[in-house]
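# Coordinates in review
Okay, here's what each chain looks like letter by letter:
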Amino acid sequence: SHLTDLTEGQEYYVRAYSKTLYNAVYYGEQKSFFAGNVPEVVTGEVIFVSYNYARVTSAIVNEGTFRPTYRGACWGTEPNPTIEDCQYTRHTWHDLETVETITDLEPNTTYYVRAFAENEVGIGYGDQKVFTTLGKSGNSD
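Residues numbered from 1 in each chain as written. Predicted model: local features only at pLDDT ≥ 70, side-chain atom pairs only at ≥ 80, totals over all residues. Heavy atoms only, no water.

## Quick word on the overall build of the protein chain
Along its length, the protein chain carries 0 helices and 12 strands. Against the 2.2 N^0.38 benchmark of 14 Å for 141 residues, the protein chain shows a C-alpha radius of gyration of 20 Å, more extended than a compact globule. Looking at the protein chain residue by residue over its 141 residues, the buried ones come to 31%. About 9,000 Å² of surface is accessible on the protein chain, with carbon and sulfur atoms providing 45% of the total. Side chains of the protein chain give 10 positive and 19 negative charges; the mean places of these two sets differ by 5 Å. (Helix = DSSP H or I, 4+ residues; strand = E, 2+ residues; numbered from the N terminus. Rg over C-alpha atoms; globule rule 2.2 N^0.38 Å. Buried < 20%, exposed > 50% of the residue type's maximum accessible area, 1.4 Å probe, protein only. Areas by Shrake-Rupley, 256 points an atom, 1.4 Å probe, with all protein chains shown as cover. Lys, Arg positive; Asp, Glu negative; His and termini not counted. Charge placed at Lys NZ, Arg CZ, Asp CG, Glu CD.)

Take a look at the structure:
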């Protein structure tokens, strides 16, 4: 189904249903959601890359319909990481700009990282950045 004319910031409740040939109606589980926008986030530069950690800058450029509650960064060795499938930092939202510290990385490994921010509507992700950690000797060998 496609829902239209929703009021931004309003919470809605929905259930799927099915009707049989004999007019029996069966309902699915009730779900709720907020109409509106997730935060818009920019993943900045990856800085201070070492063999086992890095830092990434990020900024929330639009809070979305609701003020963000959490923000952070997610990373992994596969493109387009999300908090559902990768490691991530997550903390209470305070500032529009921040630097996230990424730890426990493997040497000589390519990582993909994205900043994110979360509000009542959902999670907004920034563009991904790619970086490679240094070797333990301090270089890429």
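From this point, things continue past the structure.
## A word on the packing of aromatic side chains
Enumeration according to the criterion identifies 6 aromatic pairs in this entry. Between phenylalanine 34 and phenylalanine 66 the ring centres are 5.2 Å apart and the planes differ by 75 degrees, which places this aromatic pair in the edge-to-face class. Of this pair, phenylalanine 34 sits in strand β4 (residues 31–34) while phenylalanine 66 sits in the loop between β6 (54–62) and β7 (70–76), placing them 32 residues apart in sequence. Accessibility expressed as a relative area gives 22% for phenylalanine 34, which makes it partly exposed. Judged by relative accessible area, which is 19%, phenylalanine 66 ranks as buried. Aromatic ring contacts, followed pair by pair, group Tyr88, Phe116 and Tyr125 into a single cluster. (Phe/Tyr/Trp six-rings, centres within 6.5 Å; stacked < 30°, edge-to-face > 60°.)

## Focus on the pattern of salt bridges
Summed over the entire model, instances satisfying the criterion amount to 2 salt bridges. Note that glutamate 29 is salt-bridged to lysine 31, the shortest N-O span being 3.9 Å. Here glutamate 29 falls in the exposed class, since its relative accessible area comes to 60%. Here arginine 90 ties to glutamate 118 by a salt bridge, and the two come within 3.3 Å at their closest N and O atoms. On the criterion of sequence distance, the pair formed by arginine 90 in strand β8 (residues 87–92) and glutamate 118 in strand β10 (residues 110–118) is long-range, its members being 28 residues apart. Taking relative accessible area as the criterion, arginine 90 reaches 39% and is therefore assigned partly exposed. (Salt bridge = Lys/Arg side-chain N within 4 Å of Asp/Glu carboxyl O.)

## What to know about a nonpolar patch on the surface
A cluster of nonpolar residues, Leu3, Leu6 and Val14, forms a patch on the protein surface that exposes about 220 Å² of accessible area. Positionally, valine 14 belongs in strand β1 (residues 11–14). Classification of valine 14 as partly exposed rests on a relative accessible area of 33%. (Patch = residues over 30% accessible without salt bridge, like charges linked within 9 Å, V, L, I, M, F, W, Y side chains within 5 Å.)

## What about the sheet that holds strand β5 (residues 40–47)?
Strands in a sheet are paired, the pairing made by backbone hydrogen bonds, and the direction either parallel or antiparallel. If you walk across this open sheet you meet the 3 strands as β5-β6-β9, and the pairing is antiparallel. In this open sheet, the two strands that pair with only one neighbour each are β5 and β9 (97–102). For this sheet, the mean angle separating the axes of adjacent strands, direction not counted, is 25 degrees. Where β5 and β6 come together, 6 bridges link them in antiparallel fashion. By the bridge assignment, valine 41 is partnered in β6 with isoleucine 60. (Pairing = 2+ DSSP bridges. Axes fitted to C-alpha atoms, helices over the stretch in contact; angles between N-to-C directions.)

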